[in-house]
Amino acid sequence: QVQLVESGGGLVQAGGSLRLSCSASGRTFTRYNMGWFRQTPGKEREFVAAISWDVISTYYVDSVKGRFTISRDNVKNMVYLQMNSLKPEDTAVYYCAAGPREFELRSRAYDYWGQGTQVTVSS
């Protein structure tokens, strides 16, 4: 089992920044690629970004490229999502997830999930 806890969400004006954090505990952290997803009411959970277990590779959905940066610290068992130039359409609940070492965009491929943290961007 891997337990994931997100933090760092909140209310920010358009153009502002937030940094989400995800703390992982339990089984070996480096067994997993880590991802961030987001979800709004009535919509499916959307892939946002992922980072490989060895910190070498990252992947982003087109809508956040150049604005968001995913990172991880394998000593502290932490994953981060730095979000800059936020837009109202970034408003969602953001989830941290642990998944397989092959890059996956599908939420069902991820094994462990946090409880989510709300990000609200006002216009």
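For the structure, check the block above.
Since the structure is predicted, the reported quantities are computational estimates derived from the model, not experimental observations. (Residues numbered from 1 in each chain as written. Predicted model: local features only at pLDDT ≥ 70, side-chain atom pairs only at ≥ 80, totals over all residues. Heavy atoms only, no water.)

Enquirer: Help me out: how do you make sense of the packing of aromatic side chains in this one?
Expert: The geometry of an aromatic ring pair is captured by two quantities: the separation of the ring centres and the angle between the planes. For the coordinates displayed, the defined rule picks out 8 aromatic pairs. Consider the rings of Phe37 and Phe47, whose centres lie 5.6 Å apart with planes at 80°: the pair is edge-to-face. Note that Phe37 is positioned in strand S4 (residues 33-39) and Phe47 in strand S5 (residues 46-51), a separation of 10 residues in sequence. With respect to burial, Phe37 and Phe47 carry one shared label: buried. By the ring-pair criterion, three or more aromatic residues cluster together here, those being Phe37, Phe47, Tyr59, Tyr95, Phe103, Tyr110 and Trp113. Directly above the ring of Trp113 sits Arg45, whose terminal nitrogen or CZ lies 4.7 Å from the centroid. (Phe/Tyr/Trp six-rings, centres within 6.5 Å; stacked < 30°, edge-to-face > 60°. Helix = DSSP H or I, 4+ residues; strand = E, 2+ residues; numbered from the N terminus. Buried < 20%, exposed > 50% of the residue type's maximum accessible area, 1.4 Å probe, protein only. Lys NZ or Arg CZ within 6 Å of the ring centre and 35° of its normal.)

Enquirer: Would you take a moment to explain the state of the cysteines for this structure?
Expert: Each disulfide consists of a covalent bond between the sulfur atoms of two cysteine residues. Applying the stated criterion across every chain yields a total of 1 disulfide. Shown here is the disulfide that connects Cys22 with Cys96, its sulfur atoms set 2.1 Å apart. Disulfide Cys22 to Cys96: torsion about the S-S bond roughly -75°, handedness left-handed. Taken together, the residues Cys22 in strand S3 (residues 18-26) and Cys96 in strand S9 (residues 92-99) connect sequence positions 74 residues apart. Taking the relative accessible area as the measure of exposure, Cys22 reaches 1% and is therefore buried. (Disulfide = S-S within 2.5 Å.)

Enquirer: What am I meant to see in the pattern of salt bridges here?
Expert: If you walk through the whole model with that rule in mind, you get 5 salt bridges. A salt bridge links Lys65 to Asp62, with the nearest nitrogen and oxygen atoms 3.0 Å apart. Using a relative accessible area of 47% as the deciding quantity, one classes Lys65 as partly exposed. Overall, Asp62 belongs to the exposed group, its relative accessible area being 63%. Note that Arg106 and Glu104 form a salt bridge whose closest N and O atoms lie 3.0 Å from each other. Residue classification places Arg106 among the partly exposed positions, given a relative accessible area of 41%. The class for Glu104 is buried, based on a relative accessible area of 18%. One connected set of salt bridges, linked through shared partners, spans Arg38, Glu46, Arg67 and Asp90. (Salt bridge = Lys/Arg side-chain N within 4 Å of Asp/Glu carboxyl O.)

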